[in-house]
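Survey of secondary and tertiary structure
One-letter residues, chain by chain:
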Amino acid sequence: MKALLTEWGIPANFAFVIEVFIVVLAVVIVNSIIRMFLGRLQRQLEKTKNPWDDALVDALRKPISWLVWILGLTLAIEVLQESASLDGTAIAPIFDKVQPLREIGVVAILGWFLIRLVTRVERNLVKEREIRGKQVDRSTVDAISKLLRLAVVITSVLVALQTLGMNISGIL
């Protein structure tokens, strides 16, 4: 990439700016494509009677967008790191934490998605049963969904701690 940029007359020490710009532009494009795809998919799935598919797509909307941005921005930071290491420039210590931050971000976003999924499935199933005129035990549904959300939070925290290098076998 740097050879191509220097061929175009861009100095090698500014090539990283173009690379970061390309990464951020790719993130914007990918995010837009995903949002359009999910919008079309949701319009198609609203025509079905299955409450699970609506809940899945609705729960996925925000977390997938955040995931694309976190992965893209951490990739841009890695481009900056690589450029700085090639130039011999001192790298800020915060940039050493990019990989763990990416991994924690992915775990947090997965947990966020699962919590949203549980909430939306609960809402859709209750609404569907009420539309059919069937009786719904709201306290049972509420208790089960709270337990599922708690299990997701606990599992996400344990996975995040393991990702940071902590031995979670003592906690378990």
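Residues numbered from 1 in each chain as written. Predicted model: local features only at pLDDT ≥ 70, side-chain atom pairs only at ≥ 80, totals over all residues. Heavy atoms only, no water.

**A word on the environment of Val159**
- With respect to the helices and strands, the residue Val159 is situated in helix H5 (residues 138–163).
- Assessed through its relative accessible area of 37%, Val159 is described here as partly exposed.
- For the pair Val159 and Glu103, spaced 56 residues apart in sequence, the C-alpha to C-alpha distance is 9.8 Å. (Helix = DSSP H or I, 4+ residues; strand = E, 2+ residues; numbered from the N terminus. Buried < 20%, exposed > 50% of the residue type's maximum accessible area, 1.4 Å probe, protein only.)

**Regarding the pattern of salt bridges**
- Counted under the stated rule, the structure contains seven salt bridges.
- The shortest N-O distance in the salt bridge between Glu128 and Arg132 comes to 2.3 Å. One end of the pair, Glu128, and the other, Arg132, are both in helix H4 (residues 98–132), four residues apart, so they sit about a helical turn from each other.
- Glu128 sits in the buried class, given a relative accessible area of 18%.
- Here Glu130 and Arg138 are joined by a salt bridge, their closest N and O atoms 2.4 Å apart. (Salt bridge = Lys/Arg side-chain N within 4 Å of Asp/Glu carboxyl O.)

**Examining a nonpolar patch on the surface**
- On the surface, a cluster of nonpolar side chains totalling about 590 Å² of accessible area is made up of Phe21, Ile22, Leu25, Ile29, Ile33 and Met36.
- On the secondary structure map, Ile29 appears in helix H2 (residues 15–45). (Patch = residues over 30% accessible without salt bridge, like charges linked within 9 Å, V, L, I, M, F, W, Y side chains within 5 Å. Areas by Shrake-Rupley, 256 points an atom, 1.4 Å probe, with all protein chains shown as cover.)

**What to know about the side chain of Ser145**
- Take Ser145: it is sitting in helix H5.
- A distance of 3.1 Å separates a polar atom in the side chain of Ser145 from a polar atom in the side chain of Glu122.
- Among residues more than four places away in sequence, those in contact with Ser145 are Val118 and Glu122. (Polar contact = N/O pair within 3.5 Å; in protein donor to acceptor, adjacent residues only side chain to side chain. Contact = heavy atoms within 4.5 Å.)

**Some details on H5**
- Taking 1.5 Å per residue, 26 residues should reach 38 Å; H5 reaches 37 Å between its end C-alpha atoms and fits that length.
- Listing the buried residues of H5 in full gives Ser145, Arg149, Val152, Ser156, Leu158 and Ala160.
- On its buried face, H5 sits against H4.
- Positive backbone phi, approximately 100 degrees, marks Gly165, located one or two places after H5. (Expected span 1.5 Å × (residues − 1).)

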